[in-house]
Every structure is written in C-alpha cells, then in structure tokens.
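Residue-level structural notes
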Protein chains: 2
Amino acid sequence: MASSLLTRQLAISLQQNLRLAAPGSRYVSKTATKTVSEFEYDAPSMKTAVPGPKSQELLRQLGEIQNVGAIHFFCNYEESRGNYLVDVDGNRMLDVYTQISSIPIGYNHPALIKVMTNPNNVSAFVNRPALGILPPENFPEKLFESLLSIAPSGMNRVQTMACGSCSNENAFKSMFIWYRNKERGYASPSEQEVGTCMINQSPGCPDLSILSFMGAFHGRTMGCLATTHSKAIHKLDIPSFDWPIAPFPKLQYPLEEFVRENAQEEARCLEEVEDLIVKWRQKRKPVAGIVIEPIQAEGGDNHASPDFFIKLRNIARKHGCAFHVDEVQTGGGTTGKFWAHEHWGLDDPADIVSFSKKLLTGGYYHRDELQPDKPYRIFNTWMGDPSKNLFLSEVLNVIRRENLLEEVTRSGKALLQGLYSLQTQYPHILSRARGQGTFCAIDACSDATRDSIMLKARNKGLFMGSCGEKTIRFRPALVFKEYHVHQLLNILNDILAEHK
Amino acid sequence: MASSLLTRQLAISLQQNLRLAAPGSRYVSKTATKTVSEFEYDAPSMKTAVPGPKSQELLRQLGEIQNVGAIHFFCNYEESRGNYLVDVDGNRMLDVYTQISSIPIGYNHPALIKVMTNPNNVSAFVNRPALGILPPENFPEKLFESLLSIAPSGMNRVQTMACGSCSNENAFKSMFIWYRNKERGYASPSEQEVGTCMINQSPGCPDLSILSFMGAFHGRTMGCLATTHSKAIHKLDIPSFDWPIAPFPKLQYPLEEFVRENAQEEARCLEEVEDLIVKWRQKRKPVAGIVIEPIQAEGGDNHASPDFFIKLRNIARKHGCAFHVDEVQTGGGTTGKFWAHEHWGLDDPADIVSFSKKLLTGGYYHRDELQPDKPYRIFNTWMGDPSKNLFLSEVLNVIRRENLLEEVTRSGKALLQGLYSLQTQYPHILSRARGQGTFCAIDACSDATRDSIMLKARNKGLFMGSCGEKTIRFRPALVFKEYHVHQLLNILNDILAEHK
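Before going into details, it helps to say that this report is about the structure given with it. Here the structure is a predicted model, which is why all the values come from computation and not from measurement.

In a regular helix each residue adds 1.5 Å, so 16 residues correspond to 22 Å; helix α14 (residues 386–401) of chain B covers 23 Å between its end C-alpha atoms and thus fits that length. Of all the 16 residues making up α14 of chain B, 13 are buried; the element is thus mostly covered by neighbouring parts of the structure.

Dropping the structure here:
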C-alpha cells in the first residue's frame, strides 16, 4: 500500500516540523499561511480512466463478498490531501462530494493527524466504553468543549449516537415518550400499558405517528425509513407505518425572482400539513412530531424560505407536536452557518436537532423537556464513540482558527455565481442553480445527461455527487476555497462546451 | 487526567521495549509469558465506596446535559488493564461485565496499542470513508483477514455496519427483500409497487413480519424493537408492528438433570412457532424471517438445547422463512467457540448471522441468496468503520496466538463449578447457575437481593452485570483466567456469607 506521504508526514510531525519534503506538485495555500500550514496538491492529475485497472481488480475481489454496484472506485486515503482524493490508480481528483458530505476539513488535515499521535488519546481509541453506564473521566469536558460549544439556540442537552439513522431513530423515540408523558399527565404508566407494550400492542405501543415530507431523507432503519420518501429503491419491500406525508414546497429558482409564486406554494404545503395533523388525529394516530431537513438533500436539494420553517415551527407548537430538524447533511458549517436552521433567525428553532456526517459522531440536541424521564429508555451499548468526539473537538478548533465559515460563504458565493453563468451559457443543458454556502446544486436536462456529465467530469479529475432525479449536488469540505471553485468551473465548462 | 501509565507504555512501546517500569502491584500472568507479555494488576484495590467523590462530581456535571440514571461511575481507562477497570477515584475492580460484553481482550492490550502507534494505520482513523461507494485500497484484504476468516459455516458474504441495532435492522431488510423477490419470481417490481412504497403503502411496503421470541433482545431502533421483548422500559410509548411472538423455552437447570422436562418444554415452544407462522400467513402478514439469540442475554440468560435450534432452523426452511441468528452478545468467543451457534453442530446453521460488541464493528454475514439484487438497497453513509476492522484483525491474531478459546473453556468450567458450589452452599439466596464458556449466569432469590449483592460486590472490587428479573450475568473478556475466577468466587463467597 502506498502510504509514503502519510508515513513521512507522521515522522515529520513527530519532529515538530510541519514542512513536507515530499516530491510532486504541491502548494501552500495563501490563506492558510496566516493560520495553519496546509499542504495540498495544486490541481487534479489523471493517469487512467476511472475506475482504473487496480480499482477494477479490487472490485472483482470485493464482489465475491458484497454487492459492489454502488462503488465508484477504490481510494488511496494515505495520499489524499485537503480537497483532493487520490485513487488506487494514482488519479487525483478535486473532491466536491467528500464521502457523501462527511469529511469536514479535507483529507489528512495535520490537526487531525496530531490527535492521533498524541499519547494521551490512545486510550480513547483502544478502549471503547459503554458510554451510557461507564463514561471516561473527560467525557463531560469533551462534550462541553465540542458539541455543547455549538449547541443550537435553546438546547442545552445532547445525546451522542453511532450514526445518522440511529440518531433520528432515537430522536423519534424521545418525541414519542415526551408525547405520551404529556398525554398521561406525567403519571406512571398503567399496568395495561406495561403489559401490552411487551407484545407490541396498544396502548403500551401506541398508534402515534411522525409527519414527514415527500422528497425527505431521514435514514434507512425502519423508523427513519417510514419518514424517508426520496427514492423507491430505499423503501421497496420493507414494511412501514401509516404515517402522514406532506408535500414539500417545489420552489422556482433563483428564489429572489419568484418570491410571490414561491410564497403561494409554501402556503399550500403548510395548509396541507395542518390538514394532515387533523386527519391523523381523527384516525387515532396522532402526530407526535414533525421531522424536516432545512434543505432536502438526497431528495434533490430542495430549498424553502425561512418564513416557511418559521410558520411550520408554529404549526407544530399549535398542535402540540414536537419539531425535529434533521441537520445530518446540512449541519457542520457547509451552508455558511454552523447549522442551516440559523438562517431562519429563530431563538427557539426546534425541539430536537439531529446530526452526523461532518460532526464525525451521530447524535441529537434537544430541549430540556424532551429528555426521557427514566434511564435506559434511550440507550444502547456504545451510545456514540468518544474517539470521534476527540476529532470533533479538533475540527471545531480548526473551523474557528481558520475562519472556515467565512471561507465557505465566500467560496459558496463564487460557486453559485459560476453555476448561474454556466446555466446562462448552456440553458439547454443546465437549470435551477441554487445553494446556500457551498451547499449548492444544479439540474441537468435529464438523468442521462446528468450522469454523463458526472462521468466525464470524473475522468477530468472532478468528483461530484448526484441527488434527486437529475440534480448534481456539490458538497465540498469546509476548506474548499475560491481557488478550487475556479478549478471546478473550468472543468465543468470544458465538458459542457464539448457536450452535444 | 491521570494518563501516566499509558503514556509511559506508549513511550516504551515506541522504544521496542514491552516491559513496564511503572510502580504499583502488577504481575506478569503465567500463561501469557509463553505468548505475549501481558501486564496486569494482581487484584482489586478499593479506596472509596463506589461511586466515589470524583465520580459523583462528574455525574453532577454530566447530569446538566444528559439523563445519567444508568451511569455506575466514571472510569480512568488509561489506568485500566486487562481484566481490571480503574475508576476516577482510584478504585480498581475485577470487571466481569466488560462494557456490556464488548471488550474482547481486556483493557489496553499491548497488541491494540501497537495498532494505534503504527504510522501505516493513521489514515484509516483520520479519513473515515463512505465504504459503500469509495472503499480504501486494503478494504477487501482486511475483510478477508478479519471477518471472512471467522465466517460462520455456509456464509461467504458479510456487510459491516456501525452498531448492533443497525446490523439487525439491515439484516431484517435483507430478509424482506429476499422474501418479496421470491414471491414475485425475481421479476421487476410493478409500477404499483414502486408507487405505493413511496407513501408507505402496500404492496410496495408489504405487510411482512419477523417472528421473534418472548424475552428476546435484538436492539432498540424501531424495526429491532418490534422483535425485542425483554423489558417494558425499552418498549413503552414506542409504536410497533403487529408481528408474531413465540414463547422461548423456560428450561430447568442444570440442563443435564432435566433432559426430559426440558425437551417437552422445547417441543411446546416449537409447536407454537409453527402455529404462529400459519396464523400470520392467514392474517396476510406472512413471516419473512425468524430471529433468535443462541442464548437470550438481556432477557435473563435463557438457554435452549442444540436440538431446539436444529428443529427451529428446519421449521424456518419448511415454511420458507429466513433464519437469522443474532450473535451480537454471544459471538466473539465468549462461549468457548467463536460463535455460539457452533455448539449446534450444523453445516448450514442460518441464513443470516449478525454481530457487534466484541467484534468492535457491527455487521452481518449472510448466505449468497440473501444478498440484495441491486445496489443502494442496503446502504448508508458509513457502512461500518475501517478503523474498527484494523483492531478486529489484531484481536483475532491475539485470540489465535494466545489460544483464548481454550482459555475461555477452561475458565468457564471453573466459573460454572464455582457457581454450582455457591448455590449449594447458599440455596436460599442463589439458584439456576448456568453457562457456556464464561457466558455464565446465576439467579438471586429476588431482584432486591440481586441488586444488593451486586452493589456489595462492586464495593469489594468485583463489577458484574445484571439481566432478566433477578439474574446476575458474567461477561468477562476472553483473557479471563482461572486465577480471576477464584478472585471472583472469593469475593462473592464473602458477600454471601455476610448476607442476611
């Protein structure tokens, strides 16, 4: 395995020397010099078509034990750096998908390597505790300096979990418990409830529901999956719950140009939400909570206005439903604020906010009253992973030190402007450019065209993601600078110019 | 933070010297000298009642942000070693619960620390990939040398997941997909199926079920929770599915003495299983799969005979249901074989075997035909964590090198014999000693007595777990030797002798 770059860097880092003596075309970014020395390649560099021969051989091997249909190529993570992902055939790509939006500050950031080489941290990696019963000494301190330091407004409580789906599942459970406790006036459950819950029957397992939106993605475990409605392949053949599904606004872009039309569309959706809440109450499957993404990601990068979310939050309050904002993909700084819901300007934006991906650990924040009344109601063996909290602490330090939220806002503006230019230049191919921060997207005229553009881009050294039916989604790391925006736009422009 | 021991060891390890110069009462275990040098304390050592003042202060801090009702005490993992868990007040306990049975080879095993200090491994910790789309170069190799090297008989395929619940959720989904593909003759889904699944309706989201057993524990996400029936606190207030629940045999112990009675009880349960399968087929909620633990753990350490499982496996086959063996707690060597189902002696023990805990990563093995027909049907962002696979590879090396399965069998025999003696000596307090390997348990006469014994033991330096209504469960690491068994029995004996 080609691990030379990292091994060398580790050696150097141990010598307290951050300069890389490695050969090859690398540059020190200008903005970075004033903060942390950042070593990165200067451009993509392609040696084979992707997937190359080595990736194809590994695909064959892995195909013997897993379905490999979703694999793009195999990666050399040791040689990857910052915004550049290197594959096993030596191809170096500008990565604006970043492991489905889950790499916060680029590959092999020196600050994270330092976490690994700090002897005080070894124990956190080697001895994974059952956090719910035997937490390590520094657990409260690490939570305060990491997750609590970025807690959404109005929320002082946080529960870590191992992944995004588990986070949403447990957030749903917290909403159900909260709702039933309210219904029974905070009295102890009846004997009948205790008895029936053991055999999956009402009233112990009540017919409560979660209201979700068409196009939503909240995960793939069975509770989450009942609120996910982005693609049939996720849901086909899996039993589900009869829960209400409201329309998500289908807005016209750019938002500034369609204010009136979009407001009408949002009003229509909100009306439907209230109708569904009433209808499901009549069906005796009352809505305990509403779950929504600030920007529908997997479903096609669908935006809605702050006004929509503010009104939705009020509808939840009016009907006694908990309001759960799923920031698994939007959280972590990619919209230019740490949480996308900050753009709504509310002091009390939600009852629950879930996260994962760029935060490296899953989990959710919640208001005090959403805390379960008893231990072991929200529980599992690991309840997260303290070694991920160590990395998160350091990621937050880097975000602050390097002013990465400002960088994201700056790069995001340049990216969106560039996408506007491209769709003006190629109106028969591209439309509906949209975005907040670097959380940007653009539609192709068909899914076939979208897929073709993406494959061509990959072979020219630009790795992007897709979502919805015919959308390209951009999910770069927070260290994505204007310099990288121009690289991205140049490659896209070349492809579009050649496109028939 | 008192990290001196580990820091020193790391420094020493980097100098290629495995001998500890640390002060304090430690000993080199006799069996270990012939394999890997193993440094461990020689006995418990108590300084305060547990939780001590430091733990209490940390509890107060953490209580501001989480429900801390399940926390026993805070730990100093840096100073913990082998079978001994050290808390923040300097109390050193013999740990036979091992983070809810999830620490395979004890605390701070030198082999695992070496994994951390190998520069070639840094990248796997720092860059967590989206394994389903962009795996690292060594991913197939690491799977073959770790998980595939211990694959259950008849299973060549494995899917990693982040935790036990996610493993079972996705195993259930695989069974549903497999079942529906059979039903539709492997044809493409109809337009109606594709359309209805998006809104949670049949036939796209079919009314299929999973048959589970009373007393079972398969996790707490909503699919898993519908098959979990061990304690009301897990299930109360959470909506569920109308799925069939069969009785699990209630056997008399020791098993050898009640062969005839137990066989009758098992026959009764198996008859009920077949009745339920027929009944749920008539209800139009056919059973796609049966899920069962080889030993019900959380539900009270309930055993059944190999004959029971062999017959159950045949019933599943006869009715066209998939057979899913949940080895999340029983797997990893604790019963004296790597998988508990190996004790059944079957070449084709199951269609799916799920794991987590001691394997450090979640996941499941499955037979070829249980593999989903298309990509993205079983999928999520991380699909496991390659850094856990690195540790698992090394754990398996240690198990082989140090013959730990033999050790477990030897220690387990000594432990069970000791428990038999104790229940003979204290028949008014203890009964129903049972176990396989070191996966042992014993019942107290009441839950209050059980809890009282456990608290007294903790204050004498023995940390045990509970399960079921009044059961003490023993879940030591695989490095638990006869020497430790005697320590455990001595402490228990002292407490029982004092017990009124």
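Following the structure, the description resumes.
Attention now moves to the interface of chain B and chain A. Taken together, the contact between chain B and chain A spans 128 residues of the former and 128 residues of the latter. With both sides pooled, the region where chain B packs onto chain A buries about 11,500 Å², and carbon together with sulfur makes up 64% of that total. A per-residue breakdown of the area chain B buries against chain A is headed by Ile65, Glu137 and Asp237 of chain B, which together make up 7% of the total. At the boundary of chain B with chain A, the tally comes to 8 salt bridges. Residue lysine 388 of chain A is joined to aspartate 385 of chain B by a salt bridge in which the shortest nitrogen-to-oxygen separation is 2.8 Å. Put simply, chain B and chain A have 57 residue pairs in polar contact (both at pLDDT 80 or more) between them. Ranked by the residues each element gives to the side of chain B that touches chain A, the list is headed by helix α8 (residues 164–183) of chain B, at 6 residues. Among the residues forming the side of chain B that touches chain A, the class breakdown is 72 nonpolar, 34 polar and 22 charged.

Our next topic: helix α13 (residues 306–318) of chain A. With 13 residues, α13 of chain A should cover 18 Å at 1.5 Å per step; its first-to-last C-alpha distance of 18 Å lies within 8% of that length. The secondary structure elements touched by the buried residues of α13 of chain A are β6 (209–213), α12 (259–282), β8 (287–292) and β9 (322–326) of chain A.

The next thing to look at is the packing of helix α15 (residues 404–425) of chain B against helix α17 (residues 482–498) of chain B. Residue and element names in this part refer to chain B. Their axes nearest at 9 Å, the elements α15 and α17 cross at an angle of 15°. Taken together, the axis directions place α15 and α17 in an arrangement best described as roughly parallel. Crossing of α15 over α17 shows right-handed handedness. Of α17, the residues touching α15 (which contributes Arg410, Ser411, Ala414, Leu415, Gly418, Leu419, Leu422 and Gln425) are Glu482, Val485, Leu488, Leu489, Leu492, Asn493 and Leu496. Classifying every residue of the contact of α15 with α17 gives 9 nonpolar, 4 polar and 2 charged.

With that settled, consider the side chain of arginine 220 of chain A. Here arginine 220 of chain A is to be found in the loop between β6 and α10 (222–225). One buried charged residue, arginine 220 of chain A, forms no salt bridge at all, with the nearest opposite charge on glutamate 298 of chain A at 5.5 Å. In terms of polar contacts, arginine 220 of chain A uses its side chain to reach the side chain of histidine 234 of chain A, at 3.2 Å. Ignoring sequence-local partners within four residues, the contact set of arginine 220 of chain A consists of Ser165, Leu225 and His234 of chain A together with Lys173, Tyr376, Arg377, Phe379 and Asn380 of chain B.

Take chain B, turn it by 180°, move it 0.0 Å along the axis, and it overlays chain A with an RMSD of 0.0 Å. Taken together, the turn and the small shift mark the pair as related by a two-fold rotation axis.

Residue and element names in this part refer to chain A. Here phenylalanine 213 lies in strand β6. What makes phenylalanine 213 buried here is its relative accessible area of 0%. Residue contacts for phenylalanine 213: discarding those within four places in its chain leaves His229, Ile245, Ala246, Pro247, Phe248, Val273, Ile290, Val291, Ile292, Gln296, Phe308 and Leu312.

Residues and elements named next belong to chain A. Residue proline 51 is reached from valine 50 by a cis peptide bond, and omega for that bond is 0°. Among the structural elements, proline 51 can be located in the loop between β2 (39–41) and α3 (53–63). Unusually for a residue other than glycine, glutamine 99 sits at a positive phi of about 55°. When you line up the elements, glutamine 99 lands in helix α4 (residues 98–101). Assessed through its relative accessible area of 0%, glutamine 99 is described here as buried. A positive phi angle, near 50°, is found at asparagine 403, a position not held by glycine. Examined against the element boundaries, asparagine 403 turns out to sit in the loop between α14 (386–401) and α15 (404–425).

Turning next to the packing of aromatic side chains. With the rule as written, the count across this model stands at 38 aromatic pairs over all chains. Relative to phenylalanine 355 of chain B, the ring of tryptophan 339 of chain B has its centre 6.2 Å away and its plane inclined at 50°; by these criteria the two rings are tilted. Residue tryptophan 339 of chain B is located in the loop between β9 (322–326) and β10 (352–355), and its partner phenylalanine 355 of chain B is located in strand β10; the two are separated by 16 residues in the primary sequence. Judged by its relative accessible area of 2%, tryptophan 339 of chain B is buried. The exposure class assigned to phenylalanine 355 of chain B is buried, which follows from its relative accessible area of 0%. Clustering of aromatic rings is evident, with ring pairs tying together Phe176, Phe241 and Trp243 of chain A together with Phe176, Phe241 and Trp243 of chain B. When the ring centre of tyrosine 253 of chain A is taken as origin, the NZ or CZ atom of arginine 434 of chain A, which lies over that ring, is 5.3 Å away.

What follows covers the nonpolar core. If you look at the biggest cluster of nonpolar residues, it comprises 223 residues, and the most contacted ones within it are Phe213 and Ile290 of chain A together with Phe213 and Ile290 of chain B. Excluding its chain neighbours within four sequence positions, the residues that come into contact with isoleucine 290 of chain A are Leu211, Phe213, Val273, Ile277, Leu312, Ala316, Cys321, Ala322, Phe323 and His324 of chain A.

Now for the sheet that holds strand β7 (residues 245–246) of chain A. All names here are of chain A. One open sheet accounts for 7 strands, arranged β5-β11-β10-β9-β8-β6-β7; its pairing is mixed. This sheet does not close on itself; its edge strands, each paired only once, are β5 (157–161) and β7. Inspection of the sheet shows β8 paired to β9 by 4 bridges, in the parallel sense. Opposite isoleucine 290, over in β9, you have phenylalanine 323 as the bridge partner. This element, α12, spans β6, β7 and β8 of the sheet and lies at about 155° to β6.

Right, let's talk about the sheet that holds strand β13 (residues 439–444) of chain A for a bit. Residue and element names in this part refer to chain A. In space, the 4 strands of this open sheet follow the order β12-β13-β16-β15, with antiparallel pairing throughout. At either margin of the open sheet sits one strand with a lone partner, and together these are β12 (430–436) and β15 (465–467). Taking the axes of each pair of neighbouring strands and ignoring which way they run, one obtains an average angle of 25° across the sheet. Relative to strand β16 (residues 471–474), β13 runs antiparallel, the two being bridged by 4 bridges. Each residue of the ladder has a partner; that of alanine 441, found in β16, is arginine 473.

Turning our attention to the state of the cysteines. Two cysteines whose sulfur atoms are joined by a covalent bond form what is called a disulfide. In this structure the tally under the stated criterion is 0 disulfides over all chains. Cysteine 321 of chain A forms no disulfide, and the closest cysteine sulfur to it belongs to cysteine 269 of chain A, at a distance of 17 Å.

Residue and element names in this part refer to chain B. Two elements in contact, helix α5 (residues 110–117) and α14, have axes whose closest approach is 9 Å; the angle formed by their N-to-C orientations is 145°. For the crossing formed where α5 meets α14, the hand is right-handed. Touching Ala111, Leu112, Val115 and Met116 of α5 are Leu390, Phe391, Glu394, Val395, Val398 and Arg401, all from α14. In terms of residue class, the contact of α5 with α14 is made up of 8 nonpolar, no polar and 2 charged.

Reading the values: rules and limits
Residues numbered from 1 in each chain as written. Chains lettered and ligands numbered in written order. Predicted model: local features only at pLDDT ≥ 70, side-chain atom pairs only at ≥ 80, totals over all residues. Heavy atoms only, no water. Helix = DSSP H or I, 4+ residues; strand = E, 2+ residues; numbered from the N terminus. Expected span 1.5 Å × (residues − 1). Buried < 20%, exposed > 50% of the residue type's maximum accessible area, 1.4 Å probe, protein only. Contact = heavy atoms within 4.5 Å. Buried area = accessible area lost by both parts, 1.4 Å probe. Salt bridge = Lys/Arg side-chain N within 4 Å of Asp/Glu carboxyl O. Polar contact = N/O pair within 3.5 Å; in protein donor to acceptor, adjacent residues only side chain to side chain. Nonpolar A, V, L, I, M, F, W, Y, C, P; charged D, E, K, R; others polar. Axes fitted to C-alpha atoms, helices over the stretch in contact; angles between N-to-C directions. Parallel < 35°, antiparallel > 145°, perpendicular 65-115°, else oblique. Left-handed = near helix turned anticlockwise from the far one by under 90°. Lys, Arg positive; Asp, Glu negative; His and termini not counted. Least-squares fit on C-alpha atoms with pLDDT ≥ 70 in both. Phe/Tyr/Trp six-rings, centres within 6.5 Å; stacked < 30°, edge-to-face > 60°. Lys NZ or Arg CZ within 6 Å of the ring centre and 35° of its normal. Core = buried A, V, L, I, M, F, W, Y, C linked by side-chain atoms within 4.5 Å. Pairing = 2+ DSSP bridges. Disulfide = S-S within 2.5 Å.

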